[in-house]
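# Summary of structural features
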Amino acid sequence: MKRPQQIVFRPLVRIWSVLPRVSVAGLPDLIMFSGGLALFYGVIQVGRNWLGPFHPQLEISRSPGALPVYAGYSLLRIALAYVLSMLFAVTYGYVAAYRSRAERFMIPLLDVLQSIPVLSFLPGVMLAMAALFPGRQLGVEMGAVLLIFTGQVWNMAFSFYASLKSIPREMREAATIYRFNWWQRFLQIELPFATIGLVWNSMMSVAGAWFFLMACEQFGDFRLPGLGSYLQAAADGGDTGSILLGILTMVAVIVLIDQFVWRPVIAWAEKFKMEQVESTSAPTSWVLDFLKRSRGVAVFRKRAIRPLRGLMIHYFARHEVRTESAGENQAVLWLWRVVGTSALGAIGYAVVRVVMILTGLHGSDFRQIGIGLFATWLRVNVTLVLGALWTIPAGVAIGFNPRLARIAQPLAQIAASVPATAVFPVVLLVLIRLGGGLGFGSIVLLLLGTQWYILFNVIAGAMAIPTDLKEVAGVFGIRGWERWRKLILPGIFPFLVTGMITASGGAWNVSIVAEYAHLKGQVYSTVGIGAMISAATDAKNFNLLLASTIALAAVVVTTNRLLWRRLYRLAETRFKLEG
Amino acid sequence: MTEPVDPIIRAHAVEKFYEQPDGNRIEVIAPVDLDVEPGKIITLLGPSGCGKSTLLRILTGLSQPSSGKVLWHGQPISPENAGVAIVFQSFALFPWLTVLDNVEAPLEARGVPAMERHKRALRILDTVGLDGFESAYPKELSGGMKQRVGFARALVVEPEVLFMDEPFSALDVLTAENLRNELLELWLSKKMPTSAIFIVTHNIEEAVLLADRVIVLARNPAWVRADFPIELAHPRDRKSPRFVELVDYIYKIMTQPQLAVAVPDAAAAVQKPARQKYQMIPHARVGGIAGLLELLQDRGGKEYLHRLAEVLIMDAEDLLPIIEASVLLGFATLKEGDIQITAEGARFAEADILTRKILFRQAALNHVVILQQIDSMLHAKADHSIPEEFFYDILDEHFSQDEVERQFDTAMNWGRYAEIFDFDRESHRLVLAEPVGEPHPPTTTPVQL
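Parameters and conventions
- Residues numbered from 1 in each chain as written.
- Chains lettered and ligands numbered in written order.
- Predicted model: local features only at pLDDT ≥ 70, side-chain atom pairs only at ≥ 80, totals over all residues.
- Heavy atoms only, no water.
- Helix = DSSP H or I, 4+ residues; strand = E, 2+ residues; numbered from the N terminus.
- Buried < 20%, exposed > 50% of the residue type's maximum accessible area, 1.4 Å probe, protein only.
- Contact = heavy atoms within 4.5 Å.
- Areas by Shrake-Rupley, 256 points an atom, 1.4 Å probe, with all protein chains shown as cover.
- Salt bridge = Lys/Arg side-chain N within 4 Å of Asp/Glu carboxyl O.
- Pairing = 2+ DSSP bridges.
- Axes fitted to C-alpha atoms, helices over the stretch in contact; angles between N-to-C directions.
- Expected span 1.5 Å × (residues − 1).
- Bend = angle between axes of the 7 residues up to and from the residue.
- Patch = residues over 30% accessible without salt bridge, like charges linked within 9 Å, V, L, I, M, F, W, Y side chains within 5 Å.
- Lys, Arg positive; Asp, Glu negative; His and termini not counted.
- Charge placed at Lys NZ, Arg CZ, Asp CG, Glu CD.
- Parallel < 35°, antiparallel > 145°, perpendicular 65-115°, else oblique.
- Left-handed = near helix turned anticlockwise from the far one by under 90°.
- Nonpolar A, V, L, I, M, F, W, Y, C, P; charged D, E, K, R; others polar.
- Buried area = accessible area lost by both parts, 1.4 Å probe.
- Polar contact = N/O pair within 3.5 Å; in protein donor to acceptor, adjacent residues only side chain to side chain.
- Core = buried A, V, L, I, M, F, W, Y, C linked by side-chain atoms within 4.5 Å.
- Phe/Tyr/Trp six-rings, centres within 6.5 Å; stacked < 30°, edge-to-face > 60°.
- pLDDT = per-residue confidence, 0-100.

## Regarding the overall build of chain A
A tally of regular secondary structure across chain A gives 21 helices and 2 strands. Here chain A, with 579 residues, has 42% of them falling under the buried criterion. Counting contacts in chain A only where the partners sit at least 6 residues apart, residues at least 24 apart contribute 78% of the total. Taken as a whole, chain A presents about 30,700 Å² of accessible surface, with 68% of it coming from carbon and sulfur.

## Topic: the overall build of chain B
What chain B contains, in helices and strands, is 15 helices and 16 strands. Across the 449 residues in chain B, those meeting the buried criterion constitute 54%. Counting only contacts in chain B whose residues sit at least 6 apart along the sequence, the fraction spanning at least 24 positions is 68%. If you sum the accessible surface of chain B, you get close to 19,800 Å²; carbon and sulfur atoms cover 52% of it.

## A closer look at the pattern of salt bridges
Any two side chains of opposite charge can pair if their charged atoms end up close together. Evaluation of the coordinates by the stated rule reveals 31 salt bridges over all chains. Of the charged contacts, one joins A:Arg77 and A:Glu217 as a salt bridge, the two residues approaching to 2.6 Å between their closest N and O atoms. In this pair, A:Arg77 sits in helix H3 (residues 67–98) while A:Glu217 sits in helix H8 (residues 182–218), placing the two residues 140 residues apart along the sequence. Residue classification places A:Glu217 among the buried residues on the basis of a relative accessible area of 0%. Residues participating in the shared-partner salt-bridge network are A:Arg169, A:Glu170, A:Glu173, B:Arg57 and B:Asp165.

## So, the sheet that holds strand E14 (residues 385–387) of chain B
Residues and elements named next belong to chain B. Taking strand neighbours across the sheet as the criterion, the 3 strands line up as E14-E16-E15 in an open arrangement whose pairing is antiparallel. Each edge of the open sheet is held by one strand with a lone partner, namely E14 and strand E15 (421–424). Across this sheet, the average inter-strand angle for adjacent strands is 25°, counted without regard to direction. The sheet contact formed by E15 and strand E16 (residues 429–432) spans 4 bridges and is antiparallel.

## Considering the sheet that holds strand E5 (residues 75–76) of chain B
Residue and element names in this part refer to chain B. As summarised here, the arrangement of the 4 strands in space is E2-E1-E4-E5, forming an open sheet in which the pairing is antiparallel. With partners counted over all chains shown, the strands left at the sheet margins are strand E2 (25–36) and E5, one partner each. Both strand E1 (residues 9–19) and strand E4 (residues 67–72) contribute to a ladder of 5 bridges, which runs antiparallel. Residue pairing across strands places Ala11 opposite Val70, the latter belonging to E4. Contacting E1, E2 and E4, helix H1 (residues 52–59) crosses the sheet at an angle of about 125° to E1.

## Focus: helix H10 (residues 240–269) of chain A
Since the α-helix packs 3.6 residues into each turn, any two residues three or four apart lie on the same face. With 30 residues, H10(A) should reach 44 Å at 1.5 Å per residue; the first-to-last C-alpha distance of 42 Å fits that figure. The largest bend in H10(A) amounts to roughly 35° and is located at A:Asp258.

## Structural notes on a negative patch on the surface
Residues and elements named next belong to chain B. A cluster of acidic residues, Asp22, Glu389, Asp393 and Glu397, forms a negative patch on the protein surface. Relative to the helices and strands, Glu397 is located in the loop between helix H14 (388–396) and helix H15 (401–417). By relative accessible area, Glu397 is classed as partly exposed at 39%.

## As for the packing of helix H13 (residues 369–380) of chain B against H14(B)
All names here are of chain B. One can describe the packing of H13 onto H14 by two numbers: an axis separation of 12 Å at closest approach and a directional angle of 140°. With respect to H14, the element H13 is oriented oblique. Between H13 and H14 lies a crossing whose hand is right-handed. Of H14, the residues touching H13 (which contributes Ile370, Gln373, Ile374 and Met377) are Phe390, Phe391, Ile394 and Leu395. When its residues are assigned to classes, the contact of H13 with H14 shows 7 nonpolar, 1 polar and no charged.

## Concerning the interface of chain A and chain B
Of the residues lining the interface, 34 residues belong to chain A; the matching set on chain B comes to 42 residues. Of the roughly 3,400 Å² buried between chain A and chain B, counting both surfaces, carbon and sulfur atoms make up 57%. Three residues stand out in chain A for area buried against chain B, namely A:Ile177, A:Tyr178 and A:Arg179, and they jointly supply 25% of the buried area on that side. Seen at the junction of chain A and chain B, the total is 2 salt bridges. The partner of A:Glu170 in a salt bridge is B:Arg57, and the shortest N-O contact between them spans 3.7 Å. Seen at the junction of chain A and chain B, the total is 8 residue pairs in polar contact (both at pLDDT 80 or more). When residues of the side of chain A that touches chain B are traced back to their parent elements, those giving at least two are helix H7 (169–177), H8 and helix H12 (295–318) of chain A. In terms of residue count, H7(A) provides more of the side of chain A that touches chain B than any other element does, 7 residues in total. Grouping the constituent residues of the side of chain A that touches chain B by class yields 15 nonpolar, 7 polar and 12 charged.

## So, the nonpolar core
Core analysis: the biggest nonpolar cluster contains 194 residues, and A:Trp210, B:Ile9, B:Val161, B:Leu162, B:Phe163, B:Ile197 and B:Phe198 have the highest contact counts within it. In terms of residue count, H8(A) provides more of this core than any other element does, 16 residues in total. Residues B:Ala284, B:Leu293, B:Leu295 and B:Ile370 belong to the second largest nonpolar core, which totals 76 residues.

## Looking at the environment of B:Ile124
Relative to the helices and strands, B:Ile124 resides in helix H3 (residues 114–127). Among residues more than four places away in sequence, those in contact with B:Ile124 are B:Val103, B:Ala152, B:Leu155 and B:Val156.

## Quick notes on the pairing of E4(B)
Residues and elements named next belong to chain B. Relative to E5, E4 runs antiparallel, the two being bridged by 2 bridges. The partner of Leu71 across the bridge, within E5, is Pro76. Hairpin remark: E4 followed by E5, antiparallel, with 2 residues in the connecting loop; positive phi at His73, about 45°.

## As for a positive patch on the surface
Residues and elements named next belong to chain A. On the surface, Lys271, Lys292, Arg301, Lys302, Arg303 and Arg306 cluster together to form a positively charged patch. You can see Arg303 is positioned in helix H12. A residue is classified by how much of its surface remains accessible, and Arg303, at 62% relative accessible area, is exposed.

## Examining the packing of aromatic side chains
Residue and element names in this part refer to chain A. The tally for this structure, following the rule as stated, stands at 27 aromatic pairs over all chains. Between Trp268 and Phe272 the ring centres are 5.1 Å apart and the planes differ by 80°, which places this aromatic pair in the edge-to-face class. Here Phe272 falls in the buried class, since its relative accessible area comes to 9%. Ring-pair connections join several aromatic residues into one group, and the members of that group are Tyr94, Tyr98, Trp182, Trp183 and Phe186.

## Notes on a nonpolar patch on the surface
Residues and elements named next belong to chain A. On the surface, Leu256, Phe260, Val261 and Trp286 cluster together to form a nonpolar patch covering roughly 410 Å² of accessible area. Here the nonpolar patch takes 3 residues from H10, the largest share from any one element. In this fold, Val261 is placed in helix H10.

## What to know about the confidence of the model for chain A
Residue and element names in this part refer to chain A. With 88% of its residues at a pLDDT of at least 70, chain A reaches an overall mean of 80. Ranking the elements of chain A by mean pLDDT puts helix H1 (residues 9–16) last, at 37, and H3 first, at 92. Contacts of residues 1–24 to residues separated by more than four positions or lying in other chains number 14 contacts, the stretch itself having pLDDT below 50. Overall, residues 322–327 carries pLDDT values under 50, and its contacts beyond four positions in sequence, including any with other chains, amount to 4 contacts.

## Here's the deal with helix H21 (residues 542–573) of chain A
Over its 32 residues, H21(A) runs 45 Å from end to end, which matches the ideal 46 Å to within 8%, given 1.5 Å per residue. Taking the largest bend as the criterion, H21(A) deviates by roughly 35°, centred on A:Asn560.

## Quick notes on the side chain of B:Glu104
Residues and elements named next belong to chain B. By the element assignment, Glu104 lies in helix H2 (residues 99–109). Glu104 gets classed as buried once you look at its relative accessible area, which sits at 9%. A distance of 3.1 Å separates a polar atom in the side chain of Glu104 from a polar atom in the side chain of Arg117. Sequence-distant contacts of Glu104, defined by excluding residues within four places in its chain, comprise Arg117, His118 and Ala121.

## Some details on the packing of helix H7 (residues 241–255) of chain B against helix H10 (residues 316–328) of chain B
Residues and elements named next belong to chain B. Interaxial distance between H7 and H10 falls to 11 Å at its minimum, and their mutual angle equals 50°. Our classification of the angle between H7 and H10 gives oblique. H7 and H10 meet at a crossing whose hand is right-handed. Listed contacts from H10 to Tyr251, Met254 and Thr255 of H7 are Ala316, Leu320 and Glu324.

## Section: the environment of B:Met164
All names here are of chain B. Mapped onto the fold, Met164 is located in strand E7 (residues 161–165). C-alpha of Met164 to C-alpha of Phe88: the two residues are 76 residues apart in sequence and 6.2 Å apart in space. In contact with Met164, other than residues within four places in its own chain, are Leu56, Val87, Phe151, Leu183, Ile197, Phe198, Ile199 and Val200.

Now the structure itself:
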């Protein structure tokens, strides 16, 4: 009854045996130990900085030596916001999936929250957090983290919820009939089932987080030390060398995260795929292989993780936690009622206050908001059209031609991975040197931030058009414009719509930072709702800030519902290529 | 059945229905009494969608009946107190756990210490022939191997009753046959710690091959149509006259729900007064019906049902709806387990494409209630169109949610083929079609709002 031993590992080790024998097992451990020490030092440094006093006129050093520290600060904000998002997403998704009464309002709420442009709250949130921790760096830091959190949490929550909802019925029944306890269910069914969705959504969220973080770090008076403020300072000084160095660091950080976090996680998550047969080309990661070889990790798993897991399951086997509503007692019900009522009360109070503030505004303010909304709306749509005009032919060319795709796709991915907000100061600098105003320049900035969504979706769509359809078109001599009308455009339509929806949401977001900018001590701005929001913040006109923010959010949510949602449904039903 | 034995599970008047918002009740399972006694393999047979899987879930305590009760050794049943296990049709294995971890998971849930857990899991894997696959992941295994893991996981908790929900229907024919025999061998040699097996299946031969007792459900709502013992000795020969007779008999029961069945020997059929019901369309596509009629015509217009199943290599689940549809449309008749083509059916089988459409249209409008209703509605309305909700409104009153969907699907398939109506995807409306071979209706269609 002996289980096959780990003979499998030997040939793998041989690759490494070029190195001296001792270090083969020792090297991974040594590296991880050093990493631990570095982490400890970092925590102490950050603690000193964050709990220290707030520097309103923080001097951003442009020396290359400061870059790693700035990169570290940026990374830390992202990591913190990400951990918060994950915790929130899992809790929210779990409650929504299992409490049908809560589900009824939690899911529509998620839908609205998801489509609100986060950056429109940037000024408000930063002001509020700074006021909450007066005189401390912690305030603005928390503001940034909170903002990134709001930018990345919703899709993760929705993904977790959707995964829980799609667990096959028989699998749930197996868990019930074999008396799985709450913890076992969570660990062995719910979490594994949701892993792949969570991983992909995490990647998307973190990519978006860089975008928001750069905007935060460059925002107005609240200079946060980080890569964003470094780039801003470099652009302010017109220092091309520093600009290049900053962008290089940014790309390096993103590539490193990809190699050391996402690749291993994706390779690891492969085992959670709900597939019936093993796929032939599973993703691999050298970092994951490296970790699997580390003796330290193996010992840690055996000595710490496995016993802990056993203890937890044992504990819950004896202490049953009821999650399904069956055993809901009176006290819990009352607690829910109290929570619900107070939440309603708070919302009611907030609405009353908002109405009071809005009634205090002048008619001219509203007119201004209307004009601003229209200008930005126009700009967003021009951006979408321009973006579609070049990405559709380019994307289809790449998608139809595997050789071209091999070269173009990695390049496009790297270009897209640089958050548009990071290069804003630089682009602005160039635009101003060329003599263009921000009215036109902001469209370039919007395009920079959103075209990638369309491009990647079009490529995916073009690749998804089945070869036999292309052959049929060839056989019947359908070519030229006819080929576009009958084959390509309908084929990529669902993908195009998805890309446009994301791009439209992104464009509204970017408008906050694209229509109004500080550079070299001067303010550049153009007509638009984004500019109004930023200007209102600078002028500390909170009533106008609130009104513009609400107006923007309302317009975006409404367009989503009225236009994009419909197009999406059309794409889903009529233009879906089914097997 | 000389001395009464205490049943392990006793279901008393269990019933399942769904409350509609308008207070109407959709009955899925009519009150059923059922005992699971020790020492037997019981199979529950029934057409697809008749509620046999629901009944299984009620018997295991997984799902609550709307009324009535299920007792486990005299106590109300729940998954916590019942010594049951289920083998699922889809295997329901956890793909991220190894074979060994999958089998150990139920023991872990019961707080069995690691060493013992390990020992028991290995022993059971040995029993079902999975030696050497302990550290494999389910996706590395073939379907048959996966279901072995499903068996092992079920047997490791030493269930008093082993429930199986269509355990072999996701497997290919040979693998299924092999597993069936192994199960039987384990059971007969008492190698499994189980005192009764309860199998839900739609495969008639499988039931006769395995069962000591066969229960046949009729549908809409489910009720026990027949319940009889099979006393053939194992191993059973599929070609033996008694075996063929039993298979034939069950086919007869399942295809003629209204008929009182003369029971061969020991069998006892339960009778229930037929009730006035809204007509339910069998879920068959026009293509399937045409295929069946052509085959019948080729074979001289008459055939045994079970032979037909053999020729077509179809099991009852797929074949029965097609037969029922042909009978409903008046293209065929059933008599004593034979199917016979009618004159109408013969004409249909011989006709060309366009004539077939006309014949089908006549048959559909003569026999199918929902299509009659839609047709007269479409002619009565000024704009000759009705929203699809009209359909749902009629059907909602009589069928469960899933069944409404299936009824809608089939009626759409028939109605569009017969050119009784057309479906406009944009507006989700049924519109009057211009039927072939008939003069066009007056085109005074007013502007649609």
